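# Observations on chain architecture
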Amino acid sequence: MQKPPAKFSYSGKKDIGELIAQIGNAYAGMLNRPVAPVWSLEETKRHIAAIDFSRPIPLDQALREAENLMENGDLRSASARCFGYFNPTSAWPAVAGDILASVRNPQICVTSHAPASVTMERTISDMICRKLQMQNGTAHFTSGGSEANETALLAALCRASSDYIEHGVRAFDLPPALYVSADSHLAWIKIAKATGLGAAAVRLVPTSGDGRMDTHKLATMIADDKQSGFHPFMIAATCGTTGAGMIDPMQACLDIAMHENIHFHVDAAWAEALIFDKTRLDLLAGIEHADSVTIDAHKWLSVPMGAGIIALRDPSYAANVFSVQTSYMPEGDGHDFYITTNQWSRRFLGLRLWMMLRVVGEAGYKQMFDQHFALAKYVREHLPENGWTIRNASTLPVIVFDDDRYGLDSQTIADEVERRGQVWLGCVDFERRSVLRLCTTSFLSTQADVELLISELSAARDTLIK
Ligand SMILES: *Cc1c(COP(=O)(O)O)cnc(C)c1O
């Protein structure tokens, strides 16, 4: 007699509550442990190379092993003391929702297989459409801001030529061109390459000395391009640049787009979180006229990566961008995500934001924003007192600055701050200057953390001028 095949199994503690507690312990280190990686990259690679995959180990042990590698090898970017980039601390309600989505693993690409999950997700995306005054619009979750921007660009191409769907960029008699500021997020270059437009289709409009698009130059560039035989099809304004948190002149961009009758996109990946704060909507003024808007829930809305959102005012343009017919998919409702979005198999990303809005709510988000604006205000006031020169006038909690007194190089200062390990901040180019960059994006950050940041900056400078 043939023996039945062995059952799928593995060893180790299986009490899910204990395992979750073990994972949750990672939060403790985000309050006050060093932010910079403990190991050098070489040490990290050595530790990882030593792992023997031919000998499985118990689950709880493997979890500890993985955590230990990340604990010592990674930058603690979700820490209260990490002021670089727009990476948030993932809030527990969103993480709990995400674990639930992992375990239940609903396939939301077809509505009929997960009607509850799909309806929940659409409830959140519809809410976002209403906040953007896109009553007849549509929105869906994406892997992040880059995919959201790509979807906007595809919608703009379809609007510019209905033949794009069938013939791609060959549908255009003249080469298409899109306009973004030189300080925009350069995912646009990747997107132009991937969509067959080519990187040269991206026109980088110079900024006006303040990190915002120079809209006079925008108008001139469009006019020149039309003269030389190009087909302008889209203006993408950035609302909260990645480098310095600057907002392009939205009304002027909109006026030019309307005049040219071309697509007006707003990339508000980080700043658009403020649509959940009624008291700060004026900061986003103009966004309510955009043809499409990019939002990253995984930035200022404190959910885990990657969760972006694209909102489209007129769903008809992009309606056929992703449509296909197959025999192996169940008959759908015509709106199934696999034919209306870029992804096929789909994670229930909306649950992360659903959970945040159920548990934290708009009031909780407002509280977090209040805290971030207050911390940034404190830093803005105290950096000059400590001898630093602030270089941007962002209305958002992003500050770029440098050392004007001793002429120290910004990257050298950032490296020294990192070597000290306690806090972390970035270094970017802003208006032809290399500057230090900080933003507040973690809900864990407190006054004590920004005070530490300022004193660490002073200490790094003192070491360097010795
Ligand atoms: C982060 C960011 C992006 C890219 O988003 P991902 O989620 O990293 O793909 C695009 N635009 C702006 C303004 C951003 O800040």
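Residues numbered from 1 in each chain as written. Predicted model: local features only at pLDDT ≥ 70, side-chain atom pairs only at ≥ 80, totals over all residues. Heavy atoms only, no water.

Attention now goes to the overall build of the protein chain. When helices and strands are tallied, the protein chain shows 17 helices and 11 strands. With respect to the principal axes defined by its C-alpha atoms, the protein chain has extents near 80 × 65 × 40 Å. The buried share of the protein chain, taken over its 466 residues, is 50%. Of the accessible surface of the protein chain, which amounts to about 21,800 Å², a share of 54% is contributed by carbon and sulfur atoms. A gap of 5 Å separates the mean positions of the 43 positive and 54 negative side-chain charges of the protein chain. (Helix = DSSP H or I, 4+ residues; strand = E, 2+ residues; numbered from the N terminus. Buried < 20%, exposed > 50% of the residue type's maximum accessible area, 1.4 Å probe, protein only. Areas by Shrake-Rupley, 256 points an atom, 1.4 Å probe, with all protein chains shown as cover. Lys, Arg positive; Asp, Glu negative; His and termini not counted. Charge placed at Lys NZ, Arg CZ, Asp CG, Glu CD.)

What follows is about the sheet that holds strand β7 (residues 308-312). Across the sheet, seven strands lie side by side as β1-β7-β6-β5-β4-β2-β3; this open sheet has mixed pairing. Each end of this open sheet is capped by a strand with a single partner; those strands are β1 (138-142) and β3 (202-205). Across the sheet, the axes of successive neighbouring strands diverge by a mean angle of 20°, strand direction being ignored. Contacts between helix α6 (residues 115-131) and the sheet are confined to β1, β6 (292-296) and β7, with β1 contributing the most and set at about 120° to the helix. Helix α9 (residues 187-194) contacts β2 (176-181), β3, β4 (231-238) and β5 (263-267) of the sheet and is inclined by roughly 160° relative to β3. (Pairing = 2+ DSSP bridges. Axes fitted to C-alpha atoms, helices over the stretch in contact; angles between N-to-C directions. Contact = heavy atoms within 4.5 Å.)

It is worth spelling out the pairing of β5 at this point. Taking burial as the measure, the five residues of β5 include five buried ones, the bulk of the element. Residue alternation in β5 divides its side chains into two sets, His263, His265 and Asp267 and Phe264 and Val266, and both sets are buried. As paired elements, β4 and β5 share five bridges and run parallel to each other. By the bridge assignment, Ala236 is partnered in β5 with His265.

Right, let's get into the site of the ligand. Residues in close proximity to the ligand total 14 residues, the closest being Gly145, Ser146, Asp267, Asp296 and Lys299. In this structure, Thr242 approaches the ligand through a side-chain N or O atom, which is 3.0 Å from an oxygen atom. One nitrogen or oxygen atom from the side chain of Lys299 is found 2.9 Å from an oxygen atom belonging to the ligand. Here the ligand has 380 Å² of accessible area as a free molecule, and 86% of this is covered by the chains. Looking at which element gives the most residues to the shell around the ligand, the answer is helix α7 (residues 145-160), with three residues. Of the residues in the shell around the ligand, the class split is two nonpolar, nine polar and three charged. (Near = heavy atom within 4 Å. Polar contact = N/O pair within 3.5 Å; in protein donor to acceptor, adjacent residues only side chain to side chain. Nonpolar A, V, L, I, M, F, W, Y, C, P; charged D, E, K, R; others polar.)

Under the defined criterion, the tally for this structure stands at 26 salt bridges. Residue Arg81 pairs with Asp449 through a salt bridge whose shortest N-O separation is 2.9 Å. You can see Arg81 sitting in the loop between α4 (59-73) and α5 (92-104) and its partner Asp449 sitting in helix α17 (residues 447-465), a full 368 residues away along the chain. For the pair Arg81 and Asp449, one class covers both residues: buried. The partner of Arg352 in a salt bridge is Asp98, with the nearest N and O atoms 2.9 Å apart. Placement of Arg352 in helix α14 (residues 350-359) and of Asp98 in helix α5 is noted, with a sequence separation of 254 residues between them. In terms of burial, Arg352 and Asp98 fall into one category: buried. A single network of salt bridges, built from pairs that share partners, joins Asp277, Arg280, Lys366 and Asp370. (Salt bridge = Lys/Arg side-chain N within 4 Å of Asp/Glu carboxyl O.)

Angle between the axes and distance between the axes: these two values describe a pair of packed helices. Contact geometry of α5 with α14 gives a least axis separation of 8 Å together with a crossing angle of 140°. Our classification of the angle between α5 and α14 gives oblique. Crossing of α5 over α14 shows right-handed handedness. Residues Pro93, Ala94, Gly97, Asp98, Leu100 and Ala101 of α5 form the contact with α14, whose participating residues are Leu351, Arg352, Met355, Met356 and Val359. Counted by class, the contact of α5 with α14 contains eight nonpolar, one polar and two charged residues. (Parallel < 35°, antiparallel > 145°, perpendicular 65-115°, else oblique. Left-handed = near helix turned anticlockwise from the far one by under 90°.)

In a beta sheet, neighbouring strands are held together by backbone hydrogen bonds and run either parallel or antiparallel to one another. A sheet is described by the order of its strands in space; here four strands give the open sequence β8-β9-β11-β10, paired in antiparallel fashion. Bordering the open sheet on either side are β8 (389-390) and β10 (426-430), each of which pairs with just one other strand. Taken together, the five bridges between β10 and strand β11 (residues 433-439) define a ladder with antiparallel strand orientation. Its bridge partner being in β11, Phe430 is matched across the sheet by Arg433.

As a further point, take the pairing of β1. With four of five residues buried, β1 lies mostly within the body of the structure. Inspection of the sheet shows β1 paired to β7 by five bridges, in the antiparallel sense. Paired with Phe141 across the bridge in β7 is Ile309.

This brings us to unusual backbone geometry. Trans is the common state for peptide bonds, and a negative phi is the common state for residues other than glycine. Here the amide bond leading from Met305 into Gly306 is cis, since omega sits at -15°, within 30 degrees of zero. If you check the backbone angles, Tyr85 has positive phi at about 60° while not being a glycine. Within the secondary structure, Tyr85 is located in the loop between α4 and α5. Here Asn261, not a glycine, exhibits a phi torsion of approximately 55°, which is positive.

Once that is clear, we can look at the state of the cysteines. One pass over the full model with this rule turns up zero disulfides. Cys129 provides the cysteine sulfur closest to Cys158, a residue in no disulfide bond, and the two sulfurs are 18 Å apart. On the basis of relative accessibility, which here comes to 7%, the residue Cys158 falls in the buried class. (Disulfide = S-S within 2.5 Å.)

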